Amino acid sequence: MSIKIEHLQKKFGAFTALEDVSLDIRQGELLALLGPSGSGKTTLLRVIAGLEQADGGRVLFDGEDAATLSVQARRAGFVFQHYALFRHLTVEENIGFGLRVRRGKARVAEAAVRARVAELLSLVQLDGLGGRYPAQLSGGQRQRVALARALAIEPRVLLLDEPFGALDAQVRRDLRRWLRELHDRTGLTTIFVTHDQEEALELADRVAILNRGRIEQLGSPADAYDAPASPFVYSFVGAVNRLPARWESGALHAAGLPLAARGASGQGDAEVFVRPEDLRLTDDGAGWPATIIGAQRNGPRLRLRARLEGGSEVEIELPADSEDASTQPGRPVRLAPKRFGWFPLSGATAPV
């Protein structure tokens, strides 16, 4: 199912949760809604599900106005962060609950319910655990049960609200890979809410980045990281160094160094954005003079902190095998950006 969102508005009292949000979600894609707390991503998901009513705008399911559809008729499978499983029901009973409560023409025969539950237990890799209760499962297993329950009703769209937020880091990584594989097998249109950048960039076909109720950028994970559309996206998606800059005589200068802003021009004050992995140590006399003030090994990476002559501090990320006497605190170095972005301080966007 494709979903078209047109100019959605939603307020809670004086707080604007969604402001003129428009978005096309393609059939069969996995879209991540990424943003900080309060950015509107969960509100948007709940409006799509019918759990919240928008103050303005429309949601279209395959061209049909969802306002005419009940929550049940939308056939949206919803997975919550804290599972929302029935503690007094077994795994099998939890998964089959949505089918067993159907009445009238929608009623499902018990044999069909049992067959569907067995199929889903296999799909989510929980064979043999159908007789257990939620309290007898790990967090990762409980989240798989919640996902199986959402899939049991044969949804047209799968909605996941921070589904891995309550799990530890290793379980989250394992479930991310598993969810991507499951999505590819089922082909369901899936919308995934998260504030975890790594999660969004690893899982999604496209990422919609929200801030203060508006979509700041929509595109591929690579676009979100390599070509941020605004200072907010640059700062929210991945680590970045921010340096004051100014256009002088047609050239962009940051911390005293002229930078080659390819295909771009501007005037007045600006800000330069350089990711830690895009700063290199030079030995040819070029670049910013700086002093190493800290070094920390993090697995296969070496993260340095350095202070430029003008007082600005930056972080540099290098392969761990770069560690030697030249990267120790107190050593003078020169730093040059391999790649950078810039934006005028007025807030208008500019080319990278």
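A few points on the structure. This one's a predicted model, so the numbers in the text were calculated from it and none came from an experiment. (Residues numbered from 1 in each chain as written. Predicted model: local features only at pLDDT ≥ 70, side-chain atom pairs only at ≥ 80, totals over all residues. Heavy atoms only, no water.)

**What about the nonpolar core?**
Next, step 1: Formed by 44 residues in total, the largest nonpolar core has its most connected members in Ile-95, Leu-147, Leu-151, Leu-158 and Leu-179.
Next, step 2: Ranked by residue count, the leading element in this core is helix H5 (residues 139–152), at 7 residues.
Next, step 3: In this structure Leu-147 touches Val-79, Leu-158, Leu-160, Trp-178, Leu-179 and Leu-182, once residues within four positions along its chain are discounted.
Next, step 4: If you look at the next biggest cluster of nonpolar residues, it comprises 27 residues, including Leu-8, Leu-45, Phe-78 and Leu-159. (Core = buried A, V, L, I, M, F, W, Y, C linked by side-chain atoms within 4.5 Å. Buried < 20%, exposed > 50% of the residue type's maximum accessible area, 1.4 Å probe, protein only. Helix = DSSP H or I, 4+ residues; strand = E, 2+ residues; numbered from the N terminus. Contact = heavy atoms within 4.5 Å.)

**Quick notes on helix H6 (residues 169–186)**
Next, step 1: Taking 1.5 Å of rise per residue, 18 residues should cover 26 Å, and H6 covers 26 Å from first to last C-alpha, within 8% of that figure.
Next, step 2: The complete set of buried residues in H6 reads Arg-172, Leu-175, Arg-176, Trp-178, Leu-179, Arg-180, Leu-182 and His-183.
Next, step 3: Looking at the buried positions of H6, the neighbouring elements they touch are strand S3 (30–34), helix H4 (110–123), H5, strand S7 (157–161), strand S8 (189–194) and helix H7 (197–203). (Expected span 1.5 Å × (residues − 1).)

**Concerning the sheet that holds strand S13 (residues 257–259)**
Next, step 1: Ordered in space as S13-S12-S11-S14-S20, the 5 strands form an open sheet in which the pairing is antiparallel. A strand with exactly one partner marks an edge of an open sheet, and here the two such strands are S13 and strand S20 (341–344). Strand-to-strand twist in this sheet, taken as the mean axis angle between neighbours without regard to direction, amounts to 35°.
Next, step 2: In this structure, strand S11 (residues 241–248) lies alongside strand S14 (residues 268–274), joined through 7 bridges in antiparallel fashion. Among the inter-strand pairings, Pro-244 is bridged to a residue of S14, identified as Glu-271. (Pairing = 2+ DSSP bridges. Axes fitted to C-alpha atoms, helices over the stretch in contact; angles between N-to-C directions.)

**Some points on the side chain of Thr-189**
Next, step 1: Looking at the secondary structure, you find Thr-189 in strand S8.
Next, step 2: Given a relative accessible area of 1%, Thr-189 falls into the buried group.
Next, step 3: For Thr-189, the side chain forms a polar contact with the main-chain nitrogen of Gly-28, separated by 2.9 Å.
Next, step 4: The residues touching Thr-189, leaving out its near neighbours within four places in the chain, are Met-1, Ile-25, Arg-26, Gln-27, Gly-28, Glu-29, Arg-156, Val-157 and Leu-158. (Polar contact = N/O pair within 3.5 Å; in protein donor to acceptor, adjacent residues only side chain to side chain.)

**Points about the packing of aromatic side chains**
Next, step 1: All chains considered together, the criterion is met by 8 aromatic pairs.
Next, step 2: Taking 5.5 Å as the distance between ring centres and 10° as the angle between the ring planes, the aromatic pair formed by Phe-232 and Phe-236 counts as stacked. Of this pair, Phe-232 and Phe-236 both sit in helix H9 (residues 231–236), 4 residues apart, roughly one helical turn.
Next, step 3: Given a relative accessible area of 21%, Phe-232 falls into the partly exposed group.
Next, step 4: Note on Phe-236: relative accessible area 15%, which makes it buried.
Next, step 5: Each member of the aromatic cluster is reached from another via a ring pair, and the members are Tyr-234, Phe-273 and Phe-343.
Next, step 6: For Arg-144, the ring lying beneath its charged end belongs to Trp-178, and the centroid distance is 4.6 Å.
Next, step 7: The aromatic ring of Tyr-225 is capped on one face by Arg-275, whose charged end is 4.1 Å from the ring centroid. (Phe/Tyr/Trp six-rings, centres within 6.5 Å; stacked < 30°, edge-to-face > 60°. Lys NZ or Arg CZ within 6 Å of the ring centre and 35° of its normal.)

**Comments concerning the pairing of strand S10 (residues 214–219)**
Next, step 1: The pairing of strand S9 (residues 206–211) with S10 spans 5 bridges and is classified as antiparallel. The residue of S10 that forms the bridge with Asn-211 is Arg-214.
Next, step 2: In sequence, S9 turns back onto S10 through a hairpin of 2 residues, with Arg-212 there showing a positive phi of about 55°.

**Overview of unusual backbone geometry**
Next, step 1: One non-glycine residue, Arg-75, lies in the positive phi region at around 50°.
Next, step 2: Along the polypeptide, Arg-75 turns up in the loop between helix H2 (71–74) and strand S6 (76–79).
Next, step 3: Phi at Gln-125 is positive, roughly 60°, even though this residue is not glycine.
Next, step 4: Mapped onto the elements of the fold, Gln-125 is located in the loop between H4 and H5.
Next, step 5: Gln-125 sits in the partly exposed class, given a relative accessible area of 47%.

**A few points about the packing of H4 against H5**
Next, step 1: Two elements in contact, H4 and H5, have axes whose closest approach is 10 Å; the angle formed by their N-to-C orientations is 135°. Our classification of the angle between H4 and H5 gives oblique. As H4 runs across H5, the sense of the crossing is right-handed. Every residue of H5 that contacts H4 at Arg-116, Leu-120 and Leu-123 is listed here: Ala-148, Leu-151 and Ala-152.
Next, step 2: Taken together, the residues that form the contact of H4 with H5 break down as 5 nonpolar, no polar and 1 charged. (Parallel < 35°, antiparallel > 145°, perpendicular 65-115°, else oblique. Left-handed = near helix turned anticlockwise from the far one by under 90°. Nonpolar A, V, L, I, M, F, W, Y, C, P; charged D, E, K, R; others polar.)

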